[in-house]
Amino acid sequence: MITLQNFLITNVSRPNLKANNIWMKRILAFFLAGMFVTSGWTQNSQKSVYSADPYSRELVKLAEAGDARAQYSLGWAYFMGCKGPPIKTDGGLTMIKTILMKNTSVATDWFRKSAEQGYAEAQSILGECYFVGTGVEKNECEAFKWYKKAADQGLVEGEYFVGVFYEKGVGVSKDYKEAFIWLNKAAEQGDCRSMVELAELYLNGAGVTKDENEAIKWLTKASEQGFEPAKRKLQEIQPQPK
């Protein structure tokens, strides 16, 4: 079983600080504070019925009617909790009314309803909930199952985690060939974390023919996006002359 410490060292330390900042907030806060912060539930910059901020009756109605996207957004509303705008009292104090209390168990229920309808982002989030044990009992096999469903739809987050789970043997038997397939898919979509993992496979000849040039190619791609772990790995492989 993968440990929190090992996961943090091998994976959480590798987020793309520019392109993958949302992922960084999501995973780190999830582990360290029991919740995570993400803008994934906000579909665009315009407020809509699908946005968890603010929580609305319209959103609830859509979710209860079976709208998968609304169910996903409502799950985020419960996961994060919702507060109303600041209100000034007669005494000059500022009060903020809680519109919706945080409830990770209810949040996970809504994520599940959405995921069961095939909504890829909900499937990925449900995978994270099972992996960490938030709102549900921790279950790495269930985590893998839901990440895989998201990955099968081409969601890069799902592809990355399926690759890592195969690579580490988490929730599924270790299989470097499968790890290579899924990490390659995510890397092709521009995911820097996957590029570094893919480079490691090439360097070690795990699941693929050993090829340092291919490893350098992927590390270079990630480095060009400002991904520090890739830069450090490149320096290990190609140390600068003193």
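Residues numbered from 1 in each chain as written. Predicted model: local features only at pLDDT ≥ 70, side-chain atom pairs only at ≥ 80, totals over all residues. Heavy atoms only, no water.

**Quick look at the overall build of the protein**
Part 1 of the argument: Scanning the protein from N- to C-terminus turns up 12 helices and 2 strands.
Part 2 of the argument: From first element to last, N terminus to C terminus, the protein shows the α and β order α-α-α-α-β-β-α-α-α-α-α-α-α-α.
Part 3 of the argument: Expressed as a percentage of contacts within the protein between residues at least 6 apart in sequence, the contacts between residues at least 24 apart total 50%. (Helix = DSSP H or I, 4+ residues; strand = E, 2+ residues; numbered from the N terminus. Contact = heavy atoms within 4.5 Å.)

**Observations regarding the nonpolar core**
Part 1 of the argument: If you look at the biggest cluster of nonpolar residues, it comprises 60 residues, and the most contacted ones within it are Leu-74, Phe-111 and Phe-165.
Part 2 of the argument: Aside from chain neighbours lying at most four places away, what touches Phe-111 is Tyr-72, Gly-75, Trp-76, Phe-79, Ala-122, Ile-125, Leu-126 and Cys-129. (Core = buried A, V, L, I, M, F, W, Y, C linked by side-chain atoms within 4.5 Å. Buried < 20%, exposed > 50% of the residue type's maximum accessible area, 1.4 Å probe, protein only.)

**Brief notes about helix 7 (residues 140-152)**
Part 1 of the argument: If you check helix 7, its first and last C-alpha atoms are 18 Å apart, about what 13 residues at 1.5 Å a residue would give, namely 18 Å.
Part 2 of the argument: If you follow the buried residues of helix 7, they end up packed against helix 5 (104-116), helix 6 (120-132), helix 8 (156-168) and helix 9 (176-188).
Part 3 of the argument: A positive phi of about 90° marks Gly-154, the residue just after helix 7. (Expected span 1.5 Å × (residues − 1).)

**Some remarks on the packing of aromatic side chains**
Part 1 of the argument: Going through the model one piece at a time under the given rule, you end up with 13 aromatic pairs.
Part 2 of the argument: When the centroid spacing of 5.3 Å and the interplanar angle of 50° are considered together, the rings of Tyr-72 and Tyr-119 count as tilted. Pair noted here: Tyr-72 is in helix 4 (residues 68-80) and Tyr-119 is in the loop between helix 5 and helix 6, with a separation of 47 residues, a long-range link.
Part 3 of the argument: Taking the relative accessible area as the measure of exposure, Tyr-72 reaches 1% and is therefore buried.
Part 4 of the argument: Seen from their ring centres, Phe-79 and Phe-111 are 6.3 Å apart, and the 40° between their planes marks the pair as tilted. Of this pair, Phe-79 sits in helix 4 while Phe-111 sits in helix 5; the two residues are 32 residues apart in sequence, bridging distant segments of the chain.
Part 5 of the argument: What makes Phe-79 buried here is its relative accessible area of 1%.
Part 6 of the argument: Owing to a relative accessible area of 0%, Phe-111 belongs among the buried residues under this scheme. (Phe/Tyr/Trp six-rings, centres within 6.5 Å; stacked < 30°, edge-to-face > 60°.)

**Some remarks on the environment of Trp-146**
Part 1 of the argument: Locating Trp-146 in the fold gives a position in helix 7.
Part 2 of the argument: The class of Trp-146 is buried, set by a relative accessible area of 5%.
Part 3 of the argument: Along the backbone, Trp-146 and Cys-129 are 17 residues apart, and their C-alpha atoms lie at a distance of 10.0 Å.
Part 4 of the argument: The residues contacting Trp-146, other than those within four sequence positions of it, are Ala-115, Glu-116, Gln-123, Ser-124, Leu-126, Gly-127 and Tyr-130.

**A closer look at the pattern of salt bridges**
Part 1 of the argument: This structure, assessed with the given rule, holds 8 salt bridges.
Part 2 of the argument: Taking the shortest distance from any N to any O, the salt bridge between Glu-142 and Lys-145 comes out at 3.2 Å. Residue Glu-142 and its partner Lys-145 are located together in helix 7, separated by 3 residues, close to a single helical turn.
Part 3 of the argument: Put simply, Lys-217 and Glu-214 hold a salt bridge, and the shortest N to O gap is 3.1 Å. With a gap of 3 residues between them, Lys-217 and Glu-214 both fall in helix 11 (residues 212-224), about one helical turn apart.
Part 4 of the argument: Judged by relative accessible area, which is 35%, Lys-217 ranks as partly exposed.
Part 5 of the argument: The class of Glu-214 is partly exposed, set by a relative accessible area of 22%. (Salt bridge = Lys/Arg side-chain N within 4 Å of Asp/Glu carboxyl O.)

**As for the confidence of the model for the protein**
Regions with low pLDDT carry predicted coordinates that are not meant to be interpreted in detail.
Part 1 of the argument: For the protein, mean pLDDT is 80; residues scoring 70 or higher make up 71% of the total.
Part 2 of the argument: Counted against residues more than four places away or in other chains, residues 1-48, with its pLDDT under 50, gives 110 contacts.
Part 3 of the argument: Low confidence marks residues 50-54, where pLDDT is under 50. Its contacts with residues over four positions away, or in another chain, come to 18 contacts. (pLDDT = per-residue confidence, 0-100.)

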